[in-house]
Amino acid sequence: MVDISRGSALGTSGASELFQLLRDGAPRTRASLAASTGLARSTIAARVDELMGLGLVSPVADAASTGGRPPSQFALNPGARIVLAADLGASHATIAVTDLAGTVLAEHGEPIDIAQGPEAVLGWMVDAGLALIDGLGRDRHELAAIGVGVPGPVEHSTGRPVNPPIMPGWDRFDVPGWVQQHLEVPVLVDNDVNIMALGERALAWPQVEHLMFVKVATGIGSGIISGGLLQRGAQGIAGDIGHVRVARGSDVPCHCGNRGCLEALASGPAIARALREQGIEANSGNDVVELVKRGDIDAIQAVRQAGRDIGEVLTACVSLVNPSVVAIGGSMARAGEHLIAGVREVVYTRSMPLATEHLVIVASAAAENAAVLGASMLAIHHALSPEGIDALAAR
Ligand SMILES: [Zn+2]
C-alpha cells in the first residue's frame with residue numbers, strides 16, 4: 001500500500017500524491033482509490049474534486065452496470081495541459097506540442113545549425129513553440145513543461161551542457177534559465193540519446209524495465225534504462241560508448257585524440273571513409289545507406305562489419321546492464337537488417353547464454369520520432385510528479 005495519507009517528505013500535497021495513482025491513465029473509482037490507499041472516502045472525494053478542479057482528472061464512461069447504479073470512474077485527462085518537446089540536432093531541429101499522454105498535437109522541423117550558439121537556437125525554439133501553441137488555438141498558460149534534447153553531454157540537475165564537442169558556445173550555458181526568461185515553466189534538458197531511449201520505451205516497450213537504445217549516426221552513443229529509470233551516471237555521460245576501444249581498429253585515429261574508438265570505426269562517416277579507401281564514392285553515412293539500399297556488396301559488408309564492432313562493445317554492456325531489449329536507431333539504422341545482423345552475430349555468440357536467452361536486438365520502432373517523443377516524456381514525467389502537480393496547482 002502506498003502511504004499517501006500525508007504529503008511526501010518533499011512537502012507535496014495529498015492531492016498531488018493521490019494523482020500518482022491516477023497518472024497511468026487507468027480509470028478508477030473513489031472506492032478503489034480508498035481501498036488502495038487506506039484513506040477515508042471523504043478524504044479521497046475531496047482530493048479527487050481538487051484534481052478535477054485542475055482539470056487533470058475527469059470522469060470516464062462507467063463500466064457496465066451490475067444492477068445498481070454503477071460507481072463513477074475517474075482517470076487522467078491527457079488534454080488538461082500541453083508540453084513542448086524539442087529535439088535540437090547538429091543541423092536540424094524538430095519541435096512538437098504534445099498532450100500529457102505524449103500524443104503529438106502539432107509538430108514543426110527545420111534546418112538549424114547548433115553551432116550558431118544557444119541564444120539563436122533557443123530563441124528559434126521559443127518562437128517556433130509559441131507559434132505551434134497559437135496555431136492549435138491553445139493558451140500559453142496551458143503549457144506545463146518543456147523537454148529539450150541536445151547533441152552533447154548535459155549535467156541533468158542543472159540542464160547545462162558540459163564540454164559538448166559539436167556545440168560551440170553552449171558549454172555550461174544555463175539552458176533552463178534562458179528559456180524561462182520567455183516561458184515561465186520547468187525546462188528539462190538531456191542529451192539526445194537519453195531522450196531517444198525514453199521515447200523508444202514509451203512507444204514500443206512500455207512494460208520493459210531494462211532497455212538500451214543505441215544511436216548509430218555521425219557519432220555512436222547509447223541511453224540506458226535500468227530498473228525502469230534512465231541511468232545518467234555521475235556526470236550525465238553514462239552510456240557514452242562511442243569512445244570505447246575496439247580491437248580491430250587499434251591504429252585508427254579518433255577525433256577525441258585516442259585510437260581505435262568504436263566511433264572511429266563504425267559511425268556513418270567512418271564506414272564512408274572505409275569505402276572510399278576501397279575506391280568507392282561515399283562521402284557520408286547517408287551515401288552508405290543509399291549504397292546498401294541499392295544492394296552494393298562492399299557497402300553491405302562494411303555496414304555488417306560496423307555492426308560487429310558495435311556488437312563487441314555491446315557484449316560488455318549486456319554483461320553490465322543485462323537489458324531485455326537493445327534497440328538500434330540513428331540514421332545508420334536505415335541501412336536495415338545488415339547493421340543489426342552484425343550486432344546480433346557478435347552479441348549472441350560472445351555473451352553468457354543467460355544474458356541473451358531473452359534478449360531482443362531490434363531496429364528502433366520510434367525511429368526518427370524517438371527524440372521528440374522522449375523529450376515529451378521528459379517534460380511529462382516532471383509535470384506529473386508530485387512536485388510538478390503542486391506547482392501546477394499553485395500557478
Ligand atoms: Zn574517440
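Every value quoted in this text rests on a predicted model; they were computed, and no experiment measured them. (Residues numbered from 1 in each chain as written. Predicted model: local features only at pLDDT ≥ 70, side-chain atom pairs only at ≥ 80, totals over all residues. Heavy atoms only, no water.)

Chemist: Before we go on, may I ask you to explain the overall build of the protein chain in this structure?
Modeler: Of the regular secondary structure elements, the protein chain holds 14 helices and 15 strands. Radius of gyration (C-alpha) of the protein chain: 23 Å, near the 21 Å computed for a compact globule of 395 residues. On the principal axes, the C-alpha backbone points of the protein chain span a range of 75 × 50 × 40 Å. With 395 residues in all, the protein chain has 51% of them scored as buried. Pairs at least 24 apart in sequence give 59% of the contacts found in the protein chain among residues at least 6 apart. Seen as two clouds, the 28 positive and the 41 negative side-chain charges of the protein chain have centres 4 Å apart. (Helix = DSSP H or I, 4+ residues; strand = E, 2+ residues; numbered from the N terminus. Rg over C-alpha atoms; globule rule 2.2 N^0.38 Å. Buried < 20%, exposed > 50% of the residue type's maximum accessible area, 1.4 Å probe, protein only. Contact = heavy atoms within 4.5 Å. Lys, Arg positive; Asp, Glu negative; His and termini not counted. Charge placed at Lys NZ, Arg CZ, Asp CG, Glu CD.)

Chemist: Please explain the coordination of the zinc ion as it appears in this structure.
Modeler: For a metal with four donors in a tetrahedral arrangement, the ideal angle between donors is 109.5 degrees, while six donors in an octahedron ideally sit at 90 or 180 degrees. The protein atoms donating to the zinc ion are His243 (ND1), Cys254 (SG), Cys256 (SG) and Cys261 (SG), with metal-donor distances spanning 2.0 to 2.3 Å. Bound by four donor atoms, the zinc ion shows angles of 104 to 118° at the metal and therefore tetrahedral coordination geometry. Spacing between the donor residues of the zinc ion along the chain follows H-x10-C-x1-C-x4-C. (Donors = N, O, S within 2.8 Å, 3.2 Å for Na, K, Ca; no water. Tetrahedral: all angles 85-135°; square planar, octahedral: opposite > 155°, others 65-115°.)

Chemist: Teacher, can you tell me more about the sheet that holds strand S6 (residues 104-111) here?
Modeler: Sheet strands pair via backbone hydrogen bonds, and the direction of the pair is either parallel or antiparallel. The mixed open sheet is built from five strands, whose spatial order is S6-S5-S4-S7-S10. Because the sheet does not close on itself, it has two edges, and the strands there are S6 and strand S10 (187-191). Across this sheet, the average inter-strand angle for adjacent strands is 15°, counted without regard to direction. Sheet topology note: the strand S4 (residues 82-88)/strand S7 (residues 143-150) ladder contains six bridges and is parallel. Looking at the pairing, isoleucine 82 lines up with leucine 143 of S7. Most of the contacts of helix H13 (residues 370-383) go to S4, to which it runs at about 140°, and overall it touches S4, strand S5 (92-98), S6, S7 and S10. (Pairing = 2+ DSSP bridges. Axes fitted to C-alpha atoms, helices over the stretch in contact; angles between N-to-C directions.)

Chemist: Could you clarify how one ought to interpret the nonpolar core in this entry?
Modeler: Note that soluble globular proteins tend to have their nonpolar side chains buried in a common cluster. Grouped together as the largest cluster of nonpolar side chains are 49 residues, with contacts concentrated most on Phe19, Ile44, Leu51, Leu56, Phe213 and Ile389. It is H13 that contributes the most residues to this core, ten residues altogether. With residues up to four places along the chain from it excluded, the contact list for phenylalanine 213 reads Val193, Met196, Ala197, Glu200, Gly221, Ser222, Gly223, Ala327, Gly329 and Ser364. Judged by nonpolar contacts, the second largest core, of 40 residues, contains Ile220, Leu262, Ile280 and Val318. (Core = buried A, V, L, I, M, F, W, Y, C linked by side-chain atoms within 4.5 Å.)

Chemist: In this structure, what is going on with the pairing of S7? I would like to understand it.
Modeler: Regular strands place side chains that alternate from one sheet face to the opposite one. Counting buried residues in S7 gives eight out of eight residues, a clear majority hidden from the surface. Of the strand pairs in this sheet, S7 and S10 are connected by five bridges, and their pairing is parallel. Bridged to valine 148 within S10 is valine 189.

Chemist: Hey, could you run me through the environment of threonine 12 in this one?
Modeler: Secondary-structure assignment places threonine 12 in the segment before helix H1 (14-22). Taking the C-alpha atoms as reference points, threonine 12 and aspartate 390, separated by 378 residues in sequence, lie 6.5 Å from one another.

Chemist: Honestly, the packing of H1 against helix H2 (residues 30-37) in this entry has me stumped. Any pointers?
Modeler: In the contact formed by H1 and H2, the axes pass within 11 Å of each other and the chain directions differ by 105°. Judged on the interaxial angle alone, H2 and H1 are roughly perpendicular. Taken together, the residues of H2 that come into contact with H1 (itself represented by Leu18, Leu21 and Leu22) are Leu33, Ser36 and Thr37. Here the contact of H1 with H2 is built from residues that sort into four nonpolar, two polar and no charged. (Parallel < 35°, antiparallel > 145°, perpendicular 65-115°, else oblique. Nonpolar A, V, L, I, M, F, W, Y, C, P; charged D, E, K, R; others polar.)

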